[in-house]
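Spelled out, the chains give:
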Amino acid sequence: MLKLLSSSSSCLQARVHVQGHRRTCIRLCSLISISTIPSSQPFSLPIISELIAKQHWSELKTHLKDSNFIAVLHQLFDAGADPVLILRYFSWSQNNFNVTHPLELTCRLLHSLANAKKYSKIRAFLDGFVRNNEKHSNSSIFHMLSMCGNQFCANSVIIDMLVLAYVKNMKTRLGFEAFQRAGDYGFKLSVLSCNPLLSALVKENEIGYVEYVYKEMVRRRIEADLFTFSIVINGLCKVGKLNKARDVTNDMKAWGISPNVVTYNTLIDGYCKKGGLGKMHKADAILKEMVANNVHPNEITFNILIDGFCKDENVASAVKVFEEMKQGLKPNVITYNSLINGLCCNGKLDEACGLQDEMLGLGLKPNIVTYNALINGFCKKKMMKEAKELFDDIMNGGLMPNAITYNTLIDAYCKHGMMEEAYALHNSMLERRVSPNTSTFNCWIACFCRQGNMELARKFLHEMEVRGLKADPITYNLLIDALCKEGESRKAERLLNEMFKKGLSPSHVTYNTLMDGYCREGNLKAALNVRLQMEKEGKRANIVTYNVLIKGHCMKGKLKVANELLNEMLEKGLVPNRTTYEIVKEEMMEKGFLPDIEGHLYNISSF
DNA sequence: GTAGGGTTAG
């Protein structure tokens, strides 16, 4: 009830700046013939109303005979019948005669329901409308709504519910479009539709639109709440726009809303996953800020940190956080999975298995993610027998292997040349009705590319597309890499362009692979062009980019340019890795060229 | 009635 009151008072504000538009509506309304359908029909309105009220549909059908069911609808409206009764007749006649009523009547119905404050009816109606509507664009819906009535509150409420209906029915794009149009019409939306819209946009990775909706909400004075801010912060974090996420955190404080444990967890996770150099320090700083603001870290906070340290190849710190967590909180399956995976990725299989036992001791059941992490650990150590034993163990625990389980094992068998076992698993996957996905095909394509069997790789690519699975950026990376290794970098570049056409965004790996291809062919000019293209796409050269370019220049005897690139790299604060060291050693120093890395002696000493 | 955490393939 309170919510309704506050939304009607905000409608008063909305009226002020949309008066010009309202005048247009009124003018147009007088031009269209909303209720001028001939009414000389052989039916009685009171009887019809009675039959609808009692839901005596077959009698109603008999009574109406050949009457124009649309004319009945018009008469019901004109007689000022109960909106819920009209709604019943509207839905029944639409289903019964398998027709779609004109948009004009739909809008009239919505208005009468809104005026009667039958909001849940509107919600349900719009849900069905959005699901079945293929005919009416947002443009015509908005147009008709404002023609049929100039009640601003009603229209705002209806459009608010329309946006929500779009989002719930996974028509996010249309929901976004309606949000935009609502701004043009001056209809005031609420967080009830804006938050779900933002949430859907985040899930679809449309962060540009998330930023737009957020800015518009501020501009249109739609009062954002804690959820709004947390959703936006999450969206920004997911694409690594951490500074903007911090800005939004400050915005919310300025609006008098304090970040809670979810907001802080989101930010910490953002830094852990996309924070770049020294990310764990930054994550830790947020943790400290959180505690200072009296927001208590929970299991999820610790899980995020544990995973963060593991991915940062700092399992020791992850274990420390894990011990600290145990002081006051209970680790859950996700905690164990993160740590087990971290240990597995760092080759510490014994400790990982020990943790699995610890879980069991605590009554925590390992799930398929636990098994997948352990299987992956054994696979990476070429311990295929142990991996297969774990795989066979999955069913004993009442679990089912999933696509990731199969992909992990198929990939490992392929990499270790155990083709028979790989094929057998693929068949077992099909038998158990686990659908191979794009990643499964990527494993096979990678396998054949490694074997230099491009024909078979292409056959699998084709098979994949026949099955309705789409090539993803990783598929392209594999194909580009294979072509580059065949000395066909030009052809590989065509695939890069194909990616754009398919709406796939190439990653650093894609560009670096192609650059490496050109460098191997000695075509430095083309390689540098790829770098330019990459930077145009907003991707900065990373350590791999420099490794590739430095090596490419060395191979061509352009040691001076290679040296300049090395300096440029260090100036940008990029940390040399083992590959950089090997290039400098083998391609420069062993050939009698001493790299001149002014001011970076300290950095180079870390080689 | 809306927000946060774990597994594969380059």
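Because the structure is a prediction, the values reported are computed rather than measured.

What counts as what
Residues numbered from 1 in each chain as written. Chains lettered and ligands numbered in written order. Predicted model: local features only at pLDDT ≥ 70, side-chain atom pairs only at ≥ 80, totals over all residues. Heavy atoms only, no water. Disulfide = S-S within 2.5 Å. Buried < 20%, exposed > 50% of the residue type's maximum accessible area, 1.4 Å probe, protein only. Phe/Tyr/Trp six-rings, centres within 6.5 Å; stacked < 30°, edge-to-face > 60°. Helix = DSSP H or I, 4+ residues; strand = E, 2+ residues; numbered from the N terminus. Lys NZ or Arg CZ within 6 Å of the ring centre and 35° of its normal. Near = heavy atom within 4 Å. Polar contact = N/O pair within 3.5 Å; in protein donor to acceptor, adjacent residues only side chain to side chain. Salt bridge = Lys/Arg side-chain N within 4 Å of Asp/Glu carboxyl O. Contact = heavy atoms within 4.5 Å. Domains from an automatic or database assignment. Buried area = accessible area lost by both parts, 1.4 Å probe.

Q: Just checking my understanding: could you explain the state of the cysteines for this structure?
A: The bond known as a disulfide is covalent and runs between the sulfur atoms of two cysteines. Inspection of every chain in the model, using the stated rule, returns 0 disulfides. With no disulfide of its own, Cys-353 lies 6.9 Å from the sulfur of Cys-344, the closest cysteine sulfur. Note on Cys-353: relative accessible area 23%, which makes it partly exposed.

Q: Would you explain the packing of aromatic side chains in this entry?
A: Centre distance and the angle of the planes are the two values used to describe a pair of aromatic rings. Scanning the model with the defined rule gives 18 aromatic pairs in all. Relative to Tyr-212, the ring of Phe-176 lies with its centre 5.5 Å away and its plane at 65°, an arrangement referred to as edge-to-face. Placement of Phe-176 in helix α11 (residues 172–185) and of Tyr-212 in helix α13 (residues 207–219) is noted, with a sequence separation of 36 residues between them. Through pairs of rings, three or more aromatic residues link up here, namely Tyr-423, Phe-441, Trp-444, Phe-448 and Phe-460. Sitting above the plane of the Phe-179 ring, Arg-220 keeps its charged end 4.0 Å from the centroid.

Q: How should the protein's contact with DNA strand B be read in this particular structure?
A: Close contacts around DNA strand B come from 48 residues, with Asn-265, Asn-303, Lys-311, Asn-337 and Asn-372 the closest. Sugar and phosphate atoms form 43% of the subset of DNA strand B atoms that lie within 4 Å of the protein. Within the side chain of Ser-507, a nitrogen or oxygen atom sits 2.6 Å from a base nitrogen of DNA strand B.

Q: So what exactly am I meant to see when it comes to the pattern of salt bridges here?
A: Any two side chains of opposite charge can pair, so long as their charged atoms come close to each other. Counted according to the given criterion, the structure contains 29 salt bridges. With its nearest N and O atoms 2.3 Å apart, the salt bridge here joins Asp-127 to Arg-131. Of the two residues, Asp-127 and Arg-131 both sit in helix α8 (residues 119–132), 4 residues apart, roughly one turn of that helix. In this structure, the salt-bridge partner of Lys-288 is Asp-284, at a minimum N-O distance of 2.6 Å. Here Lys-288 and its partner Asp-284 are both found in helix α17 (residues 279–292), 4 residues apart, which amounts to about one turn of the helix. The exposed category is assigned to Lys-288, whose relative accessible area is 54%. Judged by relative accessible area, which is 28%, Asp-284 ranks as partly exposed. Beyond isolated ion pairs, a larger network of salt bridges with shared partners links Arg-531, Glu-535, Glu-568 and Lys-572.

Q: Looking at this model, I keep getting lost on the environment of Asn-346. Mind explaining?
A: Inspection of the secondary structure puts Asn-346 in the loop between α20 (333–345) and α21 (349–361). Between the C-alpha atoms of Asn-346 and Asn-96, which are 250 residues apart in sequence, the distance is 65 Å. In contact with Asn-346, other than residues within four places in its own chain, are Cys-310, Glu-313 and Val-315. Here Gly-342 takes part through its backbone oxygen, which lies 2.8 Å from a polar atom of the side chain of Asn-346.

Q: What exactly am I supposed to notice about the domain arrangement of chain A here?
A: By a widespread convention, an interface's size corresponds to the accessible area lost as its parts come together. In terms of domains, chain A is made up of domain 1 (437–540) and domain 2 (542–607). Distance between the C-alpha centres of domain 1 and domain 2: 26 Å. Between domain 1 and domain 2 the total buried area reaches about 970 Å² when both faces are included, carbon and sulfur atoms providing 67% of it. Ranking the residues of domain 1 by area buried against domain 2 places Asn-512, Leu-524 and Arg-531 at the top, with a combined share of 49%. Here domain 1 and domain 2 share 1 salt bridge between them. For the salt bridge of Arg-531 with Glu-568, the shortest nitrogen-to-oxygen distance reads 2.9 Å. Summed over the shared surface of domain 1 and domain 2, the number is 6 residue pairs in polar contact (both at pLDDT 80 or more). Elements supplying a minimum of two residues to the side of domain 1 that touches domain 2: α30 (508–520) and α31 (524–536).

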